[in-house]
Amino acid sequence: MFGLKTTLKALLCGALILASVSADPTAETPNVELPNVAITADFPNAIAGLTPNLVSGEANKIKVTFKNSGKTDLKVDLIVGSVAEPEDYSQVIRKLTPYRYSTTLKADTTLILPYTINMEQASREVGLTLIADIVDSTKNHFPVLIYNSTVSFSEPMNSWIDLQLIFLYVLIAGIFVAIGMFLKGSFDPEVKKTTKKAPSMTPEEREAALEKMKVLDEDWIPEHHKKSPRVTKRR
Ligand SMILES: *[C@@H]1O[C@H](CO)[C@@H](O)[C@H](O)[C@H]1NC(C)=O
């Protein structure tokens, strides 16, 4: 951990020195040839010409493309990054998690490596600096700038909408359950009442009810039809 920290510090300092003396970088290391590598960063859902957008608290996967146009193999050791005030990059807000790759970047080839930024940041613009540590065949380390510009952070809108939708579903489900319980509560007692009433009839009551039905039944039957069965019965 200590070793990594010092390496990172050296890298960042190196990058700053490199930037400040960029007029003639070979003056620093006269015997070493600078690696012939071009690096670009692709941000998720980026729109050409607009400031890249990162979502606070989410894994923002950046695609870093390395193009080695030289005649010798190189190695991408690690990528380090920092987020700073957009007006003054020396005012660092946060150092990003470094990623160690130790991947070979063969001569005359292109390599794509992922770099994920996941940090909480209130919606605003910040300065983002990403630096790759490139190692040549003789183990010289070169800090190469991947990205050094503004990015804007935003709140995770989608997840907030998802959360609201879940609440809505729970609410609707609750309403249906309440309606179901209300309907059950208002119908059940009636069903019970009718089923309970029938057996509670005394034999006399039943007789009376049957008699009543008979009377009602016979009301529409013509007189001569009604009397004839009784006559036959009496015989
Ligand atoms: C990155 O950009 C800022 C603002 O343009 C500048 O001040 C800073 O020196 C740059 N850093 C590097 C390492 O080039």
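From a predicted model like this one, the values you see are computed outputs, not experimental measurements.

1. Overview of the overall build of the protein
Phase 1: If you tally the helices and strands in the protein, you get 4 helices and 9 strands.
Phase 2: The linear arrangement of helices and strands in the protein, starting from the amino end, is α-β-β-β-β-β-β-β-β-β-α-α-α.
Phase 3: Evaluated residue by residue, the protein yields a buried proportion of 15% over its 235 residues.
Phase 4: A fraction of 70% describes how many contacts in the protein between residues 6 or more apart in sequence connect residues 24 or more apart.

2. Brief notes about the sheet that holds strand β3 (residues 60–68)
Phase 1: Strand order in the open sheet formed by 3 strands is β1-β3-β7, and the pairing between neighbours is antiparallel. Since the sheet does not close on itself, it has two edges, and those belong to β1 (37–42) and β7 (109–117), each with one partner. Geometrically, the sheet is characterised by an average inter-axis angle of 20° between neighbouring strands, direction not taken into account.
Phase 2: Strand direction decides the pairing type here: β3 and β7, joined by 9 bridges, are antiparallel. In the strand pairing of β7, V64 is matched with L113.

3. So, the environment of S123
Phase 1: Tracing the sequence through the fold places S123 in the loop between β7 and β8 (124–135).
Phase 2: Along the chain, S123 and L54 lie 69 residues apart, while their C-alpha atoms are 9.4 Å from each other.
Phase 3: The contact partners of S123, leaving out residues within four places of it in the chain, are F153, S154 and E155.

4. A closer look at the nonpolar core
Phase 1: Of all hydrophobic cores here, the largest spans 26 residues; its most connected members are V64, I79, A132, V144 and I146.
Phase 2: Looking at this core, the elements with two or more residues in it are β2 (53–55), β3, β4 (74–84), β7, β8 and β9 (141–154).

5. Some details on the UniProt feature "transmembrane region" (unreviewed entry) in the protein
Phase 1: When the UniProt feature table is mapped onto this chain numbering, "transmembrane region" (unreviewed entry) sits at residues 163–183.
Phase 2: Split by type, residues 163–183 is 100% helix and 0% strand. Its first and last C-alpha atoms lie 30 Å apart.

6. Things to note about the environment of V83
Phase 1: Checked against the element boundaries, V83 lands in strand β4.
Phase 2: A sequence separation of 45 residues divides V83 from L128, and the C-alpha atoms of the two residues are 4.7 Å apart.
Phase 3: If we skip the residues at most four places from it in the chain, V83 touches I93, R94, L96, V126 and L128.

Calculation notes
Residues numbered from 1 in each chain as written. Predicted model: local features only at pLDDT ≥ 70, side-chain atom pairs only at ≥ 80, totals over all residues. Helix = DSSP H or I, 4+ residues; strand = E, 2+ residues; numbered from the N terminus. Buried ≥ 20, exposed ≤ 12 C-beta atoms within 10 Å, placed from the backbone. Contact = placed C-beta atoms within 7 Å. Pairing = 2+ DSSP bridges. Axes fitted to C-alpha atoms, helices over the stretch in contact; angles between N-to-C directions. Core = buried A, V, L, I, M, F, W, Y, C linked by C-beta atoms within 7 Å. UniProt positions renumbered as here; feature names shortened; annotations may be inferred.

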